[in-house]
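This is what each chain is made of:
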Amino acid sequence: EKFLEALEFAQEKIQPIISAQKELVKKYTKEKKQFELKILNENAFKICEKLNDELATALFQNSKTLREKHVDEIKEKAKAMLVAELGGETFNEIEANIVLEKMQKNLYRKSILDQGRRVDGRQLDEIRPLFCQTGLLPCVHGSAIFQRGETQALVTTALGSSRDVQELDAITGGVESKSFILHYNFPPFSVGETGRTGGAGRREIGHGALAERSLAPVLPPESEFPYSIRVVSDILESNGSSSMASVCGGCLALMDAGVQITAPVSGISTGLITELDKEGNITKYVILTDIIGDEDHFGDMDFKISGTANGVTGFQLDLKIKGLPLSIAREAIFRNKSDRAKVLEVMLSVQPKPREDLRENAPRVKSLKIDPDKIGALIGPGGKNIKKITELTGAQIDINEDNSGNILIFSNNKEMLDKAIAQIMLVSAEIEVGKTYRSIVKSMKEFGVFVECIPGKEGLVHISELDDNRIERVEDVCNIGDEIIVKCVGIDDNGKVRLSRKAVLCEARNETYEVRLPPKKSNGINRGRGKFARK
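What this report covers is the structure whose coordinates are included nearby. (Residues numbered from 1 in each chain as written. Predicted model: local features only at pLDDT ≥ 70, side-chain atom pairs only at ≥ 80, totals over all residues. Heavy atoms only, no water.)

## Some points on helix H2 (residues 15-27)
To keep things clear, this is the line we draw: Starting at the N terminus, helices and strands are each numbered in turn, a helix being any DSSP run of H or I of at least four residues and a strand any DSSP run of E of at least two. Expected helix span is given by 1.5 Å per residue-to-residue step, counting one fewer step than there are residues. Exposure is judged per residue with a 1.4 Å probe applied to protein chains only, and the accessible area is read against the type maximum: over 50% gives exposed, under 20% gives buried, and values in between give partly exposed.
Taking 1.5 Å of rise per residue, 13 residues should cover 18 Å, and H2 covers 18 Å from first to last C-alpha, within 8% of that figure. The buried fraction of H2 is low, at zero of 13 residues.

Encoded structure:
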């Protein structure tokens, strides 16, 4: 109902624009070019009419391949008849093709308008047989196959990091990147032809854009699902509305990949056959469900609509008549709604909802927030720290440039993801009393050694705390670059950290560790002894 309201509103508001355009045309009229009208030989129609019954038999069968094969055979007969009747000099092969095309169009339209009969034997509101499957490709992040009659699409979903977005020039302003992309491929073999496959043509761009905007409204926000998403629809066979097959297959592939869409989307095309009077007004019409390629070619409308159970997400209307009355549009839209529900029912019987978790080979992502002041320490001089974490774990670390402290970590391995998270948390953490740290000896003095417990955070291990036995020199225990395990036993008022290796050794033997507190100060700290035991 809301969609119809929008169409009615737009039709009303566009009238002044149309009037202005017509006025502009009158004011600045340019003389139109005149072309020589090519008139077909009337005898050619009369000669080929003898093949009308044979052509009807060829057309009215289920298989598109058989129809095309038999029609081609009849074309060759028609050409032979025209050569025999008209002579080789007056015969024109192009005219023969046009005559057969006209005859096919008349047969298609009259059988539907007068008898309600379609060439593949379906009812006017009947959908072709449906088949779909998910998870058929084991190595991709998400996959699905969707088939409706002789139209089949293989659709895959790939998840990437925030670096995999498609960058846009944005010359006139607007967004500079997009994180959801849908690509549509229509190879020649999908319609039984050979040909060269090159760059994307108008069909690929248009159908891909329609399917993309039909699925985009149900994607989760990037704050909840911070992935780049690429969906690719490869059309394996086509006989009408492969763009809507891409929508249905794309929805299934997204759910198979574990993308938590807000609602499943289906799409289907609705057609129209009309009978017009001399003024071009519609006197009779028939609405068709799920049109095949020839019904699109010989018909008057291809109305593609995609949506969820609750609303429309995308649509495209192709017309071969002057205009579409809103009354017919209303009927077509509600027919389409019930048809989409039937398609959606089959889809949900295969994949009722998105997977709870991503596939095993899909990248994992974790969003962290640290103190913005710690970003510099995480990056390190010349990117030293972040490079070290990346090399150690293989994870990709993206730091938000808005200085908010938001960090995204991507990895294909859960263990490495956890390891990268731990390393990042170490950088943003503070040394805490009572915690044990695996540290690196950074410098050595006569009275002890300074060790780095966490990146950028150091503390002193006094010589008396290096071992549980008395030692004369710190070199007897460690050297610069050595790794030692220490425990934080205190932090004074100036933030100086006191560490102990002795405490760790005592705990390892389950012995009591005794620590001397500093001398009495003016702030009331008393000298004394404290005992710590690892129970």
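## A word on the nonpolar core
As a reminder, the rule being used: Grouping buried Ala, Val, Leu, Ile, Met, Phe, Trp, Tyr and Cys residues that are joined through side-chain atoms within 4.5 Å yields what is termed a nonpolar core. Residue contacts follow a heavy-atom distance rule, with two residues in contact if any of their heavy atoms lie within 4.5 Å.
The biggest cluster of nonpolar side chains holds 42 residues, and the ones touching the most others in it are Ile229 and Val259. Looking at this core, the elements that each hand over two or more residues are strand E2 (142-148), strand E3 (151-160), strand E6 (180-185), helix H7 (202-215), strand E7 (228-237), helix H8 (242-256), helix H10 (326-350) and strand E14 (406-411). The leading source of residues in this core is H8, at nine residues. Excluding residues within four positions of it along the chain, Val259 makes contact with Leu159, Leu219, Pro220, Phe225, Ile229, Leu254 and Pro354. Membership of the second largest hydrophobic core comes to 22 residues, among which are Val71, Ile74, Val99 and Tyr108.

## Brief notes about the sheet that holds E14
Note on sheets: strands pair through backbone hydrogen bonds, and any given pair is parallel or antiparallel. Spelled out, the test is: DSSP calls a pair of strands paired once it identifies at least 2 bridges connecting them. Helix axes are fitted only over the stretch in contact, all axes being lines through C-alpha atoms; the angle between N-to-C directions runs from 0 to 180 degrees.
Read across the open sheet, the three strands follow the order E12-E14-E13; overall the sheet is antiparallel. Looking at which strands have only one partner, the edges of the open sheet turn out to be strand E12 (364-369) and strand E13 (396-399). In this sheet, adjacent strand axes meet at a mean angle of 20° when their direction is disregarded. Bridge analysis of E13 against E14 gives four bridges, and the strand direction is antiparallel. Paired with Gln396 across the strands is Phe410, a residue of E14. Packed on one face of the sheet, helix H13 (residues 414-428) meets E12, E13 and E14 and runs near 150° to E14.

## Here we look at the environment of Lys110
The residue Lys110 is located in helix H6 (residues 93-115) in this model. Linking Lys110 and Thr274, residues 164 residues apart in sequence, is a C-alpha distance of 9.9 Å.

## Let's talk about the pairing of E7
Note the threshold: Looking down the strands as they point away from you, a crossover is right-handed if its path from the first strand over the helix to the second goes clockwise.
Note: E3 against E7, nine bridges, orientation antiparallel. If you follow Ala158 over to E7, its bridge partner there is Arg230. For E6 and E7, the ladder comprises six bridges, and the chain directions are parallel. Each bridged residue has a counterpart across the sheet, and for Leu182 the counterpart in E7 is Val231. Taken together, E6, H7 and E7 constitute a β-α-β crossover, and its handedness is left-handed.

## Focus: the side chain of Gln152
Along the chain, Gln152 falls in strand E3. In contact with Gln152, not counting residues within four places along its chain, are Ile145, Phe146, Gln147, Asp234, Ile235, Leu236 and Glu237.

## Concerning the packing of helix H12 (residues 384-393) against H13
The following threshold applies: Between 65 and 115 degrees an angle is taken as roughly perpendicular, under 35 as roughly parallel, over 145 as roughly antiparallel, and anywhere else as oblique. If you view the pair so one helix is near and one far, a crossing is left-handed when the near helix is turned anticlockwise from the far one by less than a right angle, and right-handed when it is turned clockwise. When residue character is reported, Ala, Val, Leu, Ile, Met, Phe, Trp, Tyr, Cys and Pro are called nonpolar, Asp, Glu, Lys and Arg charged, and the others, Gly included, polar.
Between H12 and H13, the shortest axis-to-axis distance is 9 Å and the interhelical angle comes to 160°. Here H13 runs roughly antiparallel to H12, going by the angle between their axes. Pair H12 / H13 crosses with right-handed handedness. Across from Ile389, Leu392 and Thr393 in H12, the residues of H13 making contact are Met416, Lys419, Ala420, Gln423 and Ile424. Tallied by class, residues from the contact of H12 with H13 come to five nonpolar, two polar and one charged.

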